[in-house]
Amino acid sequence: QKLKLEPLYDLSELLEQAYAAYKETENPSDFYPYAVSQTTSLTASNEKLYYLETEVRLSTDINNTTSNSLGVDRETEIPIPTAELFTCPENEIGTNLLALADLSDADRAAMESAFRLEYVIFVGDSIRIKFPENSLSTQSEGYVVYLEDTEGVHALLRDWAISKDI
């Protein structure tokens, strides 16, 4: 199915949550207003495909940001599943990517356990792994792993999936 950019959140649900939180607030001036935004940016490309990063920011009494990356075939405009971009089996992608990062054994173990393909963001000719808030057992805040070992990253990708720096 061709790429169709849509909101990654349910506005009606967020409005209901905000209204319920407002009604529970004893002093209306203490209510923290809700806000949501979504941006999509071109982060990498090559002759065959381009990569988009979509970031959703939700502000309530706490802030929450989620990101995901999507590879899209230039000719057909059909998104390509992230696992198909890699040469290794899907269940080895996280371990192989994190092996390229300078991490302690404890951090690596926590990240391998929490890893999900939707955390992989293609940027220029490299990859970032964005762990959202509360996804890691070792810390509550979000964390980004920058994989600057371009040669190592490229070795894990199919030739046609290797992006050029933009």
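This one's a predicted model, so the numbers in the text were calculated from it and none came from an experiment.

Conventions used here
- Residues numbered from 1 in each chain as written.
- Predicted model: local features only at pLDDT ≥ 70, side-chain atom pairs only at ≥ 80, totals over all residues.
- Heavy atoms only, no water.
- Helix = DSSP H or I, 4+ residues; strand = E, 2+ residues; numbered from the N terminus.
- Buried < 20%, exposed > 50% of the residue type's maximum accessible area, 1.4 Å probe, protein only.
- Contact = heavy atoms within 4.5 Å.
- Pairing = 2+ DSSP bridges.
- Axes fitted to C-alpha atoms, helices over the stretch in contact; angles between N-to-C directions.
- Polar contact = N/O pair within 3.5 Å; in protein donor to acceptor, adjacent residues only side chain to side chain.
- Salt bridge = Lys/Arg side-chain N within 4 Å of Asp/Glu carboxyl O.
- Core = buried A, V, L, I, M, F, W, Y, C linked by side-chain atoms within 4.5 Å.
- Phe/Tyr/Trp six-rings, centres within 6.5 Å; stacked < 30°, edge-to-face > 60°.
- Expected span 1.5 Å × (residues − 1).

This part covers the overall build of the protein. Along its length, the protein carries four helices and seven strands. Element order for the protein, N to C, with α for helix and β for strand: α-β-β-β-β-α-α-β-β-β-α. The burial tally for the protein puts 35% of its 166 residues in the buried class. Sequence-distant contacts in the protein: of pairs separated by 6 or more residues, those separated by 24 or more amount to 53%.

The strands making up a sheet associate through hydrogen bonds between their backbones, and the pairing can be parallel or antiparallel. Ordered in space as β5-β6-β7, the three strands form an open sheet in which the pairing is antiparallel. Of all the strands in the sheet, just β5 (120-123) and β7 (143-147) have a single pairing partner and so form its edges. Within this sheet the neighbouring strands show an average axis-to-axis angle of 25°, counted without direction. For β5 and strand β6 (residues 126-131), the ladder comprises four bridges, and the chain directions are antiparallel. Paired with valine 120 across the two strands is isoleucine 129, which belongs to β6.

Turning to the side chain of serine 45, a few remarks are in order. Of note, serine 45 is situated in strand β1 (residues 35-45). Polar contacts involving the side chain of serine 45 include one to the side chain of arginine 74, which spans 3.5 Å.

So, about the pattern of salt bridges. For the structure shown, the criterion picks out four salt bridges. A salt bridge links lysine 130 to glutamate 53, with the shortest nitrogen-to-oxygen separation between them at 2.7 Å. Taken as a pair, lysine 130 in strand β6 and glutamate 53 in strand β2 (residues 49-59) lie far apart in primary sequence, 77 residues in all. Exposure remark for glutamate 53: the relative accessible area of 13% places this residue in the buried category. A salt bridge links arginine 57 to glutamate 55, with the nearest nitrogen and oxygen atoms 3.0 Å apart. The class for arginine 57 is partly exposed, based on a relative accessible area of 44%.

Attention now goes to the nonpolar core. Counting 30 residues, the largest nonpolar core has Leu85, Phe86, Leu97, Ile127 and Ile129 as the members making the most contacts within it. The set of elements that each furnish at least two residues to this core consists of β2, α2 (93-98), α3 (105-114), β5, β6, β7 and α4 (150-156). Apart from residues lying up to four places away in sequence, phenylalanine 86 is in contact with Ile93, Leu97, Val120, Phe122, Ile127, Leu156, Leu157 and Arg158.

By the definition in use, this model includes five aromatic pairs. Between phenylalanine 31 and tyrosine 34, the aromatic rings sit 6.1 Å apart at their centres with planes inclined by 10°, giving stacked as the arrangement. Here the aromatic rings of tyrosine 119 and phenylalanine 131 are separated by 5.5 Å at their centres, their planes lie at 65°, and the arrangement is edge-to-face. You can see tyrosine 119 sitting in the loop between α3 and β5 and its partner phenylalanine 131 sitting in strand β6, a full twelve residues away along the chain. When its relative accessible area of 8% is taken as the criterion, tyrosine 119 is described as buried. The structure contains a cluster of three or more aromatic residues connected by ring pairs, namely Tyr22, Phe31 and Tyr34.

Our focus in this paragraph is helix α1 (residues 11-24). For α1, which comprises 14 residues, the first-to-last C-alpha distance of 20 Å matches the rise-based estimate of 20 Å (1.5 Å per residue) to within 8%. Regarding α1, its N-cap is aspartate 10, as a side-chain oxygen of that residue lies 3.1 Å from the backbone nitrogen of serine 12 further along.

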